[in-house]
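Fold and geometry: a report
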Amino acid sequence: MAAQITPFRSPIDLSDLPNFTPFPSRPRRPVFVGRVSTKDNQNPATSIPRQVLYASARLQDGEDFAAYFWDVESGMLPPELRGLGPQGMYDALAVPVRRDGGLPDLVERAEQMGVTHVLAERSDRLARAMLTSLTVEHELERLGVEVVYANEPTGGTESGRLRTRRYGQVEAEIYRTTMMEMSMGGQVQHAVNGWNHGYPPYPYVAVLDESAPQQHAGRFGPARPKKKLVPHPDPRRFDAAKELHRLRREEYLTTTDIITALASDPDRYPIEYRWTRSLVDGLISNPKLTGYQVYNRKASRTGRPGNSRLNPLSEWIWSPRITHEPVIAVEEWKAAQEITAGLRAGAAEYVSLQRLRTAVAPRGLTVVAVRSNRTHTLYRIGDREIVLPALIPDSAIQQVLDTMPAAQ
């Protein structure tokens, strides 16, 4: 906070004394910090220079910025995820303001550079999330760096300045939340109407939906085209997707075994490069193969593909009807997910138990585990109880079939 001159002066002139004014502990060294939300929705080549112009109003006479830190990132990102875009992207933007780094670089290098003041147009140029802006402010203040926003009033009381700052940060956070709600609502309707998000799964291609309402170009250019999924021109892809689901659902094969089976017949199960674990697992878990359009399966980090976490199934958004040709039924998809979960929990034991259940099912028999120890399990099969090892061999399954009558 800048030093305040008291109105209550001494009865005589003391300005010639050495300690009349505080001696600065270090020379002023201001830097600029700015942000543009995305290269598509704002023009960094005009926005960043404008921000520099407004922030420079808080420079003292004869001062200039020692460095310029700015990002083309969403203000919703935490500091550690800001400024990670490749330098080539920033060079291509042709912004007439040099870039010495992003927000993380500023926080990391402020002490080393001897920065005394960080100047920005307003607080949401630091971040839209209040916690993020407060965290950065706290870290810089700990290093003796004052954060100054050009839209804040000068003079007055510190409490008034702080009130203005916090109101601005609250408004930025509310704006952030409102934009997220509106965006989520639009994405939900996009899926409900049957339009695809992201890259089409292996057995499909995405084509323009000619029946979708026509949208005129807005201030940010043409609207995103509405696309729907249709079967891939190569019908073998549909067959391959059905088969890999069947191998998991009916034969309880692991991903490695499924890859081996598909790769053994490339003419029947074509793939551009090779079958991989991520591709097979992704197809088995992808609900779009049921013909429904599904959104919000993953929480992607804003603006940075490839970094996401899976959302709970309860948060997924399903279209109310089938919107494209299904590869499998919903019930088949669910069964595959249950078997996948069982394989991950205990692969060998789970597979052998499922083989036993599959073997006796045609006779109308069910298999129920009564109790178990480390090596064996007592099962109730029909009206009999049978002790079997935890890993049931095929010979034991055959013996059960030979001795168990069909259900009456």
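Residues numbered from 1 in each chain as written. Predicted model: local features only at pLDDT ≥ 70, side-chain atom pairs only at ≥ 80, totals over all residues. Heavy atoms only, no water.

**A few points about the overall build of the protein**
- Helices and strands together make up the secondary structure of the protein, namely ten helices and 13 strands.
- The buried share among the 408 residues of the protein stands at 38%.
- Sequence-distant contacts, at least 24 apart, represent 67% of the contacts inside the protein between residues at least 6 apart.
- As displayed, the protein offers around 23800 Å² of accessible surface, 54% of which is attributable to carbon and sulfur atoms. (Helix = DSSP H or I, 4+ residues; strand = E, 2+ residues; numbered from the N terminus. Buried < 20%, exposed > 50% of the residue type's maximum accessible area, 1.4 Å probe, protein only. Contact = heavy atoms within 4.5 Å. Areas by Shrake-Rupley, 256 points an atom, 1.4 Å probe, with all protein chains shown as cover.)

**A short note on the nonpolar core**
- One finds L244, I258, L262, W275, V280, L289 and V327 to be the most contacted residues of the largest nonpolar core, which totals 24 residues.
- Sort the elements by how many residues they give to this core and helix 6 (residues 236-251) lands first, with five residues.
- Apart from the residues within four sequence positions on either side, I258 is in contact with L244, L247, R248, L253, V280 and I284.
- Within the second largest apolar cluster, 18 residues are counted, among which are V33, L106, A110 and A120. (Core = buried A, V, L, I, M, F, W, Y, C linked by side-chain atoms within 4.5 Å.)

**Things to note about the sheet that holds strand 11 (residues 367-372)**
- Ordered by their spatial adjacency, three strands build an open sheet running 11-12-13, and the pairing between neighbours is antiparallel. The two strands at the open ends of the sheet, each matched to only one other strand, are strand 11 and strand 13 (384-389). Shown here is a sheet whose adjacent strand axes are inclined to one another by a mean of 30°, direction ignored.
- Pairing of strand 12 (residues 376-381) with strand 13, which is carried by six bridges, proceeds in the antiparallel orientation. In the sheet register, L378 faces strand 13, and the bridge partner there is V387. (Pairing = 2+ DSSP bridges. Axes fitted to C-alpha atoms, helices over the stretch in contact; angles between N-to-C directions.)

**Remarks on the pattern of salt bridges**
- Per the counting criterion, the structure on display carries 13 salt bridges.
- Linking R142 and E139 is a salt bridge whose minimum nitrogen-to-oxygen distance equals 2.6 Å. In this pair, R142 and E139 both sit in helix 4 (residues 130-142), three residues apart, roughly one turn of the helix.
- Classification of E139 as partly exposed rests on a relative accessible area of 25%.
- Notably, a salt bridge pairs R236 with D234, separated by 2.9 Å at the nearest N-O pair.
- On the basis of relative accessibility, which here comes to 19%, the residue D234 falls in the buried class.
- Here the salt bridges do not stand alone but share partners, grouping E243, R246, R249, E250 and E332 into one network. (Salt bridge = Lys/Arg side-chain N within 4 Å of Asp/Glu carboxyl O.)

**A few points about helix 10 (residues 394-403)**
- Listed as buried for helix 10 are A396, I397, V400 and L401. Here the buried residues of helix 10 occupy an arc of 145° about the axis, which is enough to place them on one side. Seen from the open side of helix 10, the exposed residues pointing more than 90 degrees away from its buried face are S395, Q399 and D402. (Arc of directions from axis to C-beta.)

**Focus: the sheet that holds strand 1 (residues 30-36)**
- Taken together, the four strands give an open sheet; going across it, the order is 2-1-3-4, and neighbouring strands pair in parallel fashion. Only two strands of the sheet have a single partner each, and these edge strands are strand 2 (68-72) and strand 4 (146-149). Within this sheet the neighbouring strands show an average axis-to-axis angle of 20°, counted without direction.
- Relative to strand 4, strand 3 (residues 117-120) runs parallel, the two being bridged by four bridges. Note on strand 4: the bridge partner recorded for A120 is Y149.
- Those strands touched by helix 3 (residues 103-113) are strand 1, strand 2 and strand 3, and its axis lies near 165° from that of strand 2.

**Remarks on unusual backbone geometry**
- Of note, the phi angle at A94 is positive, near 55°, even though the residue is not glycine.
- Structurally, A94 is set in the loop between helix 2 (87-92) and helix 3.
- A positive phi angle is found at N296, which is not glycine, with a value near 75°.
- Its location among the elements puts N296 in the loop between strand 7 (294-295) and strand 8 (298-300).

**Points about a nonpolar patch on the surface**
- Taken together, the side chains of I12, L14, L17 and F20 present a nonpolar region at the surface, about 380 Å² in accessible area.
- With respect to the helices and strands, the residue L14 is situated in the segment before strand 1. (Patch = residues over 30% accessible without salt bridge, like charges linked within 9 Å, V, L, I, M, F, W, Y side chains within 5 Å.)

**Things to note about the packing of helix 3 against helix 4**
- One way to put it is that helix 3 packs onto helix 4 with a least axis distance of 9 Å and a crossing angle of 20°. As far as their axial angle goes, helix 4 and helix 3 are roughly parallel. The element helix 3 and its partner helix 4 pack so that their crossing is left-handed. Contacts between helix 3 and helix 4 involve L103, V107 and A110 from the first element and V136, E139 and L140 from the second.
- Split into classes, the residues belonging to the contact of helix 3 with helix 4 amount to five nonpolar, no polar and one charged. (Parallel < 35°, antiparallel > 145°, perpendicular 65-115°, else oblique. Left-handed = near helix turned anticlockwise from the far one by under 90°. Nonpolar A, V, L, I, M, F, W, Y, C, P; charged D, E, K, R; others polar.)

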